[in-house]
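Here's the letter readout for the chains.
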Amino acid sequence: MSKNKFPDNFMWGTAISAYQSEGNNFNNDWYYYEQEELKKPEKYRKILEPCGISCDHWNRYEGDFELAKEIGIQIHRLSIEWSRVFPQKDKVDNDALEHYKNMLLALKKKNIKVMLCLHHFTIPKWLVKMGGYMNGNAVIDNYSKYITTVVDFLGADVDYWLTMNEPNVIPTAAYMIGLFPPFKKNPMVSIKIFRTFIRMHAEAYGIIKGRFPNTQVSCSYLQTGLTPYNPYNPIDRLMVYHGKLFNQRFFDGIKTGRLYYPLGLGDKIDNLKGSLDFIGLNYFYRVFAKGFAFTDIDGNDFHGAYMGEGLFYPEGLYQKIKQLYRILKLPIIVTENGTPTNDETFRIKYLEAHIKEVYHAIQEGIPVIGYMVWSLLDNFEWQQGYKERFGLIHVDYKTQKRTIKKSGKWFSRVIKTKEI
Ligand code: BGC
C-alpha cells in the first residue's frame, strides 16, 4: 500500500434507513408515538415534528441510486421496514417485498453492493399493542418469522447483512435516558430490553446463516467515546465505567455466548456465540459523563449540543476500531459516520478527519474493509426531525429536488483517488 492510499478492495459506501427516508410509513411504533406527541401542546413535545413523506425515497430510489453511482458509491446500506412487510401480525404484503427486491436490483444493476439491515429502530404497531419490547418472547417469535420471510425472498441479492441497527440504542435512548419514545428512564428495564435485542440478533444470525452459510452477517453497533467530564469526580468515572461495561458485554457475549454483569449473571444465550462475521461499527462523536448527565466538552447538554464541534473527536473512531478488533479479531466495516450540518466545510473536515483515523488503523494492520457515510441523502433525524442534515446529497423537502453537495463531490474524489 503506497503512502496514504487505501487498498484497492476497500469498500466506500453510504447508509440510510427505511423509516428515515422512505416516507409514509404509518404502521410502526415511531409513527404511533409521533401522533401521541402531536396531541400535546407544542412546548411539551419531545419530538420536533412527524416524519411524513420524508425524502420520498420509496418512490424515488431509482434516481437516488443514480446519484449514488455518480458519486462513485461502491456499497450501499439500506433497511427494510418490518411493518411494510408485515402490516398485520400474520399477513405478508407481497407487493412490499417485491418493491424491496426492485430496490436491491436497482443497486445491483449499478454495480453497487448491497448491505441490508433488517431492523432500524422501528417495530410494527400491532406488536406495540402486544406489549412491544417489554414482551420479549412475542418480539423474538415475530421477528424470526419476519426475518425468515425476508431472507427467503431477498437473500440471493444481498452481499452483507445487518440483523439490526444498534442493539444498544433503543434500550438506552428510549428506556434509560428518555430521549426516544416512550421516554423512559429505568436502567433495569433498559437492560431487559437490551437482552431482548441481543436474543433477536442471535436468532436472526442463525436464520440467515442457515439459508446462506457463506454470506457475511453482522449488526451495526453504536460506539460513543464516553469520557468523564471531570476525571477526578467519582460519579463521572462510575458512569463511564458502567457505560463501557454495558457495551463491552455485548462483544464478550459474541465470544463466550454468555452475558455477564450488568447484562446478566453469566447466563447462556442461544446462538449468540460466534454470531458476527464482521464488526459493523457506527461512530459519530464522544460525550462526557457529568454526574448523571451527558454533555459536550464545555459541559453543555449533549442533546442541545447536537453533534456540534464540542463532540467532535475523530481519534475516538480509531480507538474503537482498535478495542473491538482486540476483542473479536474480525474484519471491521464502519457502517455509519457523519455529521448534521449545513456547513459543507465542516462536513468535509469531519469526514476527512475520521477517514484518516480509519487509514491509521489499516496501517497498523487492522482489517478495516469498508467505510460508509451517514447518509446518502438528507433525511428524517428521529426526535430532531428535519432540522439536521446529514446527507452527501441535499434534499429540498418542498420540491424533492436533489443536489449533490460539496461534500458529495469531495467524497467522490476520495473514492476515485483512494486517498485523503
Ligand atoms: C442511527 C441513525 C441516525 C444517526 C444520526 C445513528 O446512530 O443509526 O438512524 O440518523 O445515528 O443520529
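See the structure shown above.
Residues numbered from 1 in each chain as written. Predicted model: local features only at pLDDT ≥ 70, side-chain atom pairs only at ≥ 80, totals over all residues. Heavy atoms only, no water.

Engineer: Please clarify how the overall build of the protein chain should be interpreted in this entry.
Structural biologist: Across its full length, the protein chain holds 13 helices and 13 strands. Computed over C-alpha atoms, the radius of gyration of the protein chain comes to 20 Å, within 12% of the 22 Å expected from 2.2 N^0.38 for 420 residues, which places it in the range of a compact globule. The principal-axis extents of the C-alpha atoms in the protein chain amount to approximately 55 × 50 × 50 Å. Sorting the 420 residues of the protein chain into buried and exposed places 60% on the buried side. For the protein chain, contacts bridging at least 24 residues in sequence account for 75% of all contacts bridging at least 6. By element, 52% of the accessible surface of the protein chain is carried by carbon and sulfur atoms, the whole surface being about 17,000 Å². (Helix = DSSP H or I, 4+ residues; strand = E, 2+ residues; numbered from the N terminus. Rg over C-alpha atoms; globule rule 2.2 N^0.38 Å. Buried < 20%, exposed > 50% of the residue type's maximum accessible area, 1.4 Å probe, protein only. Contact = heavy atoms within 4.5 Å. Areas by Shrake-Rupley, 256 points an atom, 1.4 Å probe, with all protein chains shown as cover.)

Engineer: Mind showing me how you'd approach helix 13 (residues 406–417) here?
Structural biologist: One turn of the α-helix equals 3.6 residues, which is why residues spaced by three or four share an orientation. The end-to-end C-alpha separation of helix 13 is 17 Å, in line with the 16 Å expected for 12 residues at 1.5 Å each. Buried within helix 13 we find Ser 407, Gly 408, Trp 410, Phe 411, Ser 412, Val 414 and Ile 415. Considering only its buried residues, helix 13 is in contact with strand 1 (11–15), helix 3 (57–71), helix 12 (344–363), strand 11 (368–374) and strand 13 (401–404). Downstream of helix 13 by a residue or two, Lys 418 has a phi angle that is positive, lying close to 60°. (Expected span 1.5 Å × (residues − 1).)

Engineer: What am I meant to see in the packing of aromatic side chains here?
Structural biologist: Two numbers describe a pair of aromatic rings. These are the distance of the centres and the angle of the planes. Counted by the stated rule, this structure contains 38 aromatic pairs. Each ring, one from Phe 294 and one from Phe 302, has its centre 6.5 Å from the other, and the planes form 90°; the classification is edge-to-face. Phe 302 shares its class with Phe 294; the two are buried. An aromatic cluster of at least three residues, connected via ring pairs, comprises Tyr 19, Trp 30, Phe 121, Phe 180, Phe 380, Trp 382, Tyr 386 and Tyr 397. (Phe/Tyr/Trp six-rings, centres within 6.5 Å; stacked < 30°, edge-to-face > 60°.)

Engineer: Looking at this model, I keep getting lost on the pattern of salt bridges. Mind explaining?
Structural biologist: A pair can form between side chains of opposite charge whenever their charged atoms are brought close. Across all of its chains, the model carries 24 salt bridges by this definition. Arg 347 is the partner of Glu 344 in a salt bridge, and the nearest nitrogen-oxygen pair spans 2.9 Å. Taken as a pair, Glu 344 and Arg 347 lie in helix 12 at a separation of 3 residues, close to a single helical turn. The exposure class assigned to Glu 344 is buried, which follows from its relative accessible area of 14%. For the salt bridge of Asp 378 with Lys 405, the shortest nitrogen-to-oxygen distance reads 2.7 Å. (Salt bridge = Lys/Arg side-chain N within 4 Å of Asp/Glu carboxyl O.)

Engineer: I'm lost on the pairing of strand 13 in this one. Help?
Structural biologist: Across a regular strand the side chains alternate sides, sitting on one face of the sheet and then on the other. Side chains of strand 13 alternate between two faces, with Arg 402 and Ile 404 buried and Lys 401 and Thr 403 left unburied. Here strand 12 (residues 393–396) runs beside strand 13; their pairing, made up of 4 bridges, is antiparallel. Counted as the bridge partner of His 394 is Thr 403 from strand 13. Between strand 12 and the antiparallel strand that follows it, strand 13, lie 4 residues; Gln 400 among them carries a positive phi value of about 65°. (Pairing = 2+ DSSP bridges.)

Engineer: How should the state of the cysteines be read in this particular structure?
Structural biologist: The term disulfide refers to a covalent linkage connecting the sulfur atoms of a pair of cysteines. For the coordinates displayed, the defined rule picks out 0 disulfides. No disulfide involves Cys 117; its sulfur sits 8.9 Å from that of Cys 219, the nearest cysteine. (Disulfide = S-S within 2.5 Å.)

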